[in-house]
Amino acid sequence: MALARRSSNLLKPLSTASSSSFLHRRPFSTDDTTTITVETSVPFTGHNCEPPSRSVDTTPKELMSFFTDMALMRRMEIAADSLYKSKLIRGFCHLYDGQEAVCIGMEAAITKKDCIITAYRDHCIFLGRGGTLLESFAELMGRQAGCSRGKGGSMHFYKKDACFFGGHGIVGAQVPLGCGLAFAQKYRKEDHVTFAMYGDGAANQGQLFEALNMAALWDLPAILVCENNHYGMGTAEWRAAKSPAYYKRGDYVPGLKVDGMDAFAVKQACKFAKEHALKNGPIILEMDTYRYHGHSMSDPGSTYRTRDEISGVRQERDPIERLRKLILAHDLATEKELKDIEKQARKEVDEAIAQAKESPMPDESELFTNVYRKGFGVESFGADRKELRATLP
Amino acid sequence: MASIFQRIGALSSSTTLDTKKFHLSSPRSLLERKVSFLVVRSDAAKINSGVNRIGGRAHHLVANAVATKADTSAESTASKSGHEILLYEALKEGLEEEMERDARVCVMGEDVGHYGGSYKVTKGLAPKFGDLRVLDTPIAENAFTGMGIGAAMMGLRPIIEGMNMGFLLLAFNQISNNCGMLHYTSGGQFKIPVVIRGPGGVGRQLGAEHSQRLESYFQSIPGIQMVACSTPYNAKGLMKAAIRSDNPVILFEHVLLYNLKETIPDEEYVLNLEEAEMVRPGQHVTILTYSRMRYHVMQAAKTLVNKGYDPEVIDIRSLKPFDLHTIGNSIKKTHRVLIVEECMRTGGIGASLTAAINENFQDYLDAPIVCLSSQDVPTPYAGTLEEWTVVQPPQIVAAVEQLCQ
């Protein structure tokens, strides 16, 4: 294991570290920017490109924030599981636990002006983009306080001010949308990129290749991120794809295979990809990750894979555990402090759920709002001439 | 449709407008039809000057339905001058004006740039605005429609061209799920100001797959608007209105109408997306039509006038939502409705319109609504068969005669 091999380096004490507790006595908790270099667990594999180095620079602050955020996300998904079982969340609910490292690592490498668009497994990505727990839970339960006012549901989380474009139910349809976002960024000559995320199941969609062709043709700053959790609902990747090397599928488009359970590998890859996309056009990132839950809440997740496999991945590759070991090895916090952080996360989630439960269901009139935008651009009347619309803009 | 009434009724606090005010407030729709000279290439019949007279309210027989050009030259639309233009040029003019006005407007589609558009609607725009604003896409409807919608989410205003409307079936998922629904499912965060346009309809022996009428497939998608243009005047106006609208608009053009010629005003004008056009006021029967069938109806109207009937012809233009105000006022006057459309019989625009009229104006109808639509068959290649698939003027005349018994 990479971690064990490097443990001697990791255990070297930091210059400013002391054995004091995290919150009060350690100065790093607010502004320690000592660089720690972490090695990714596995090297990157490149296709048509030179993979970036395995050494990732990070700071104690970042390490702790990764842990805190991931713990929160994990807790949120587990809570959503029990809310679904108690029938407060209905319909489809696709949980992201196990894959948190992908969105955490990505956020660390980009700004809020870079766009992210994903499919239906979007709760944690929404959180990573700055969404609040209240908005998440309220939307899941269909309440007014939800990010889409209760009208979207689990698969339709959006956050416009943080450039999070959702939240899409139809597999693969978000990738052309993502290329459109990149197109707009290029049109406006912005220095930002778009991350269009999809799964290993969606990787076989034709529109993906259509979009990739256009992105490569026009050098759009689009980064296609395949979150390969190895199962397209119940179908394992080897049964669905002739070539499960999704990062190579771009052919003329470079690709990178990344260990998606390692937040630092993801961060490095996204940083690399952003630089590449701004200069040379699209690139594919394949995140090798895993989901502990089934495809959705209606899928037990054990009919097509063994429980041993799931627990094996949880023991060996769990992103939060990896971070925990790193933090403990670098002596940035004690076991107890980390447990406290997790307890705090639980508390926050429970509070948010309680608050979300109090939020009312949408009003009946909301059924008809936001179907169209008002103001059709000419001095005109509505379909029955009862409502005067806006005048010329 | 009733639900729209409920909604607007619930939300509106303004007083209702009476019909008189309506007629006064939209003078354009009354005046515009004074323009006379239409080259109607679509009909097999050899009519090449169709004139629509305003004021046919008299019940007496009209001896000669075809007036000369002389009496129409005096009144024209708002400007005395104007310029003669073909329909595809009018579309281009509207498009060009909007692109000059707003830098966010861009066009994407197959062969729209260097080739100039398969129907020349975007000719000359790529050299003027650049390759990024008039984007030649590969043949990937699903993806470039999705791209346009994604760009719209970011604030651009793309116009997506389907080389033939039928090809947009490949992009149906994007149009239905993303274009129509994103404003709603995001709780109002994103607006999708796209215009999806392209020629459809039965052409000249183009074969089944290139003669599709997609109005019926798209009409139940919530969140989009549909308009159909039929003259150079309304083509330019609707194009401009569609581009300025913050809602996704599908603009249906017709393959056979691109070379229609008309004089349109020099000054800028934008038409109302949800308004129907009064083509010929009348008293006996309301004929509702759109796109190419308007010309078949007007041709039949000539025959009908000769026979002593006085049909009121309305080009509904707005296929979603229906302009039930204009239609309702007409029904209240004539009490008989004939719908003439090019859509298929099953589940077409006519079927929806019939249902909407029955729901809302049942008390005013003296006879059941007659709907003439195309046959429920794939469009055959043979010319004679193709003629029989669509509604022809003699059928319209017969239907009116039966309706007015």
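The structure presented is a predicted model; accordingly, all values stated were derived computationally and were not measured. (Residues numbered from 1 in each chain as written. Chains lettered and ligands numbered in written order. Predicted model: local features only at pLDDT ≥ 70, side-chain atom pairs only at ≥ 80, totals over all residues. Heavy atoms only, no water.)

Looking only at helices and strands, chain A features 14 helices and 10 strands. Here chain A holds 393 residues, and 59% of them are scored as buried. Of the contacts formed within chain A by residues at least 6 apart in sequence, a portion of 71% connects residues at least 24 apart. Working note: accessible area of chain A is about 16,100 Å², and carbon and sulfur atoms make up 53% of it. (Helix = DSSP H or I, 4+ residues; strand = E, 2+ residues; numbered from the N terminus. Buried < 20%, exposed > 50% of the residue type's maximum accessible area, 1.4 Å probe, protein only. Contact = heavy atoms within 4.5 Å. Areas by Shrake-Rupley, 256 points an atom, 1.4 Å probe, with all protein chains shown as cover.)

Let us look at the nonpolar core. Core analysis: the largest hydrophobic core is formed by 85 residues, its most contacted members being Phe183 of chain A together with Phe218, Ile316 and Ile357 of chain B. The element that contributes the greatest number of residues to this core is helix H8 (residues 174-187) of chain A, accounting for 8 residues. Among residues more than four places away in sequence, those in contact with Ile357 of chain B are Leu288, Ile327, Ile331, Val337, Gln362, Leu365 and Ile369 of chain B. Membership of the second largest hydrophobic core comes to 75 residues, among which are Ala71, Cys270, Met287 and Val349 of chain A. (Core = buried A, V, L, I, M, F, W, Y, C linked by side-chain atoms within 4.5 Å.)

Residue and element names in this part refer to chain B. For the structure shown, the criterion picks out 42 salt bridges over all chains. Between Arg317 and Glu277 there is a salt bridge, with its nearest N and O atoms 2.8 Å apart. Highlighted residues: Arg317 in the loop between strand E11 (311-315) and strand E12 (318-320) and Glu277 in strand E9 (residues 277-280), separated in sequence by 40 residues. Judged by relative accessible area, which is 1%, Glu277 ranks as buried. A cluster of three or more residues bridged by salt bridges with shared partners is formed by Glu93, Glu97, Glu98, Arg101, Lys236, Lys240, Arg244 and Glu268. (Salt bridge = Lys/Arg side-chain N within 4 Å of Asp/Glu carboxyl O.)

With that settled, the discussion passes to H8 of chain A. Each turn of an α-helix holds 3.6 residues, which means side chains three or four residues apart point in the same direction. Residue and element names in this part refer to chain A. Between the first and last C-alpha of H8 there are 19 Å, a value that for 14 residues agrees with the 20 Å anticipated at 1.5 Å per step. The element H8 is largely enclosed, with a buried count of 13 among its 14 residues. The first or second residue beyond H8 is Lys189, which carries a positive phi of 55 degrees. (Expected span 1.5 Å × (residues − 1).)

A few words on the pairing of strand E13 (residues 337-344) of chain B. Within a regular strand, the side chains alternate between the two sheet faces. All names here are of chain B. Most of E13 is tucked away: 8 of the 8 residues are buried. Sheet topology note: the strand E10 (residues 285-289)/E13 ladder contains 4 bridges and is parallel. Bridge pairing links Leu288 to Ile339 in E13. Here E13 pairs with strand E14 (residues 370-374) via 4 bridges, running parallel. Across the sheet, residue Val340 finds its bridge partner in E14, namely Leu372. Read from E13 through helix H14 (residues 349-361) to E14, the crossover connection turns out right-handed. (Pairing = 2+ DSSP bridges. Right-handed = clockwise from strand over helix to strand, strands pointing away.)

Attention shifts here to the sheet that holds E11 of chain B. All names here are of chain B. Reading across the sheet, the 5 strands line up as E9-E11-E10-E13-E14 and stay open at both edges, with mixed pairing between neighbours. Both outer strands of the open sheet, E9 and E14, are each paired with one neighbouring strand and no more. Each neighbouring strand pair of the sheet contributes to a mean axis angle of 25 degrees, computed without reference to strand direction. Of the strands in this sheet, E10, E13 and E14 are in contact with helix H16 (residues 393-403), which crosses E13 at around 150 degrees. (Axes fitted to C-alpha atoms, helices over the stretch in contact; angles between N-to-C directions.)

Residues and elements named next belong to chain A. According to the stated counting rule, one finds 13 aromatic pairs over all chains in the structure shown. Seen from their ring centres, Phe126 and Phe164 are 6.3 Å apart, and the 45 degrees between their planes marks the pair as tilted. Taken together, the residues span a long stretch of sequence, with Phe126 in helix H6 (residues 123-128) and Phe164 in the loop between helix H7 (133-140) and H8 at a distance of 38 residues. Phe164 shares its class with Phe126; the two are buried. Taking the centre distance of 5.9 Å and the plane angle of 50 degrees together, the rings of Phe183 and Tyr187 count as tilted. Taken together, the residues span about one helical turn, with Phe183 and Tyr187 both in helix H8 at a distance of 4 residues. Tyr187 matches Phe183 in its accessibility class, with the two residues each being buried. Aromatic ring contacts, followed pair by pair, group Tyr231, Tyr290, Tyr292 and Tyr304 into a single cluster. We note Arg314 situated over the ring of Tyr292; from NZ or CZ to the ring centre the distance is 4.0 Å. (Phe/Tyr/Trp six-rings, centres within 6.5 Å; stacked < 30°, edge-to-face > 60°. Lys NZ or Arg CZ within 6 Å of the ring centre and 35° of its normal.)

In regions of low pLDDT, the predicted coordinates are not meant to be interpreted in detail. Mean pLDDT over chain B stands at 82; residues scoring 70 or higher make up 80%. With pLDDT under 50 throughout, residues 1-78 of chain B is counted as low confidence; its partners more than four residues away or in other chains account for 128 contacts. (pLDDT = per-residue confidence, 0-100.)

Turning next to the packing of H8 of chain A against helix H9 (residues 206-217) of chain A. All names here are of chain A. Here H8 crosses H9 at 15 degrees, and the two axes come no closer than 8 Å. Taken together, the axes of H8 and H9 are roughly parallel relative to one another. Considering how the two elements wind past one another, H8 and H9 form a crossing that is left-handed. Two secondary-structure elements touch here, H8 through Val175, Pro176 and Cys179 and H9 through Gln207, Leu208, Ala211 and Ala215. Within the contact of H8 with H9, the residues separate by chemical class into 6 nonpolar, 1 polar and no charged. (Parallel < 35°, antiparallel > 145°, perpendicular 65-115°, else oblique. Left-handed = near helix turned anticlockwise from the far one by under 90°. Nonpolar A, V, L, I, M, F, W, Y, C, P; charged D, E, K, R; others polar.)

Residues and elements named next belong to chain B. With 13 residues, helix H7 (residues 141-153) extends 18 Å between its outermost C-alpha atoms, agreeing within 8% with the 18 Å of an ideal straight helix rising 1.5 Å per residue. Counting buried positions over the 13 residues of H7 gives 13, a clear majority of the element. Of the residues flanking the end of H7, it is Gly155, one or two places downstream, whose phi is positive at about 115 degrees.

Moving on, we get to the sheet that holds strand E5 (residues 194-199) of chain A. Two modes of strand pairing occur in sheets, parallel and antiparallel, and in both the strands are linked by backbone hydrogen bonds. Residues and elements named next belong to chain A. Taken in spatial order, the 6 strands of this open sheet run E2-E9-E10-E6-E5-E4, and their pairing is mixed. Pairing within the sheet leaves two strands with one partner each, and these edge strands are strand E2 (45-47) and strand E4 (115-117). Each strand axis lies, on average, 20 degrees off the axis of its neighbour in the sheet, ignoring direction. Packing against the sheet, helix H11 (residues 263-280) makes contact with E5, strand E6 (222-228), strand E9 (255-259) and strand E10 (283-288), and its axis sits at approximately 170 degrees to E10.

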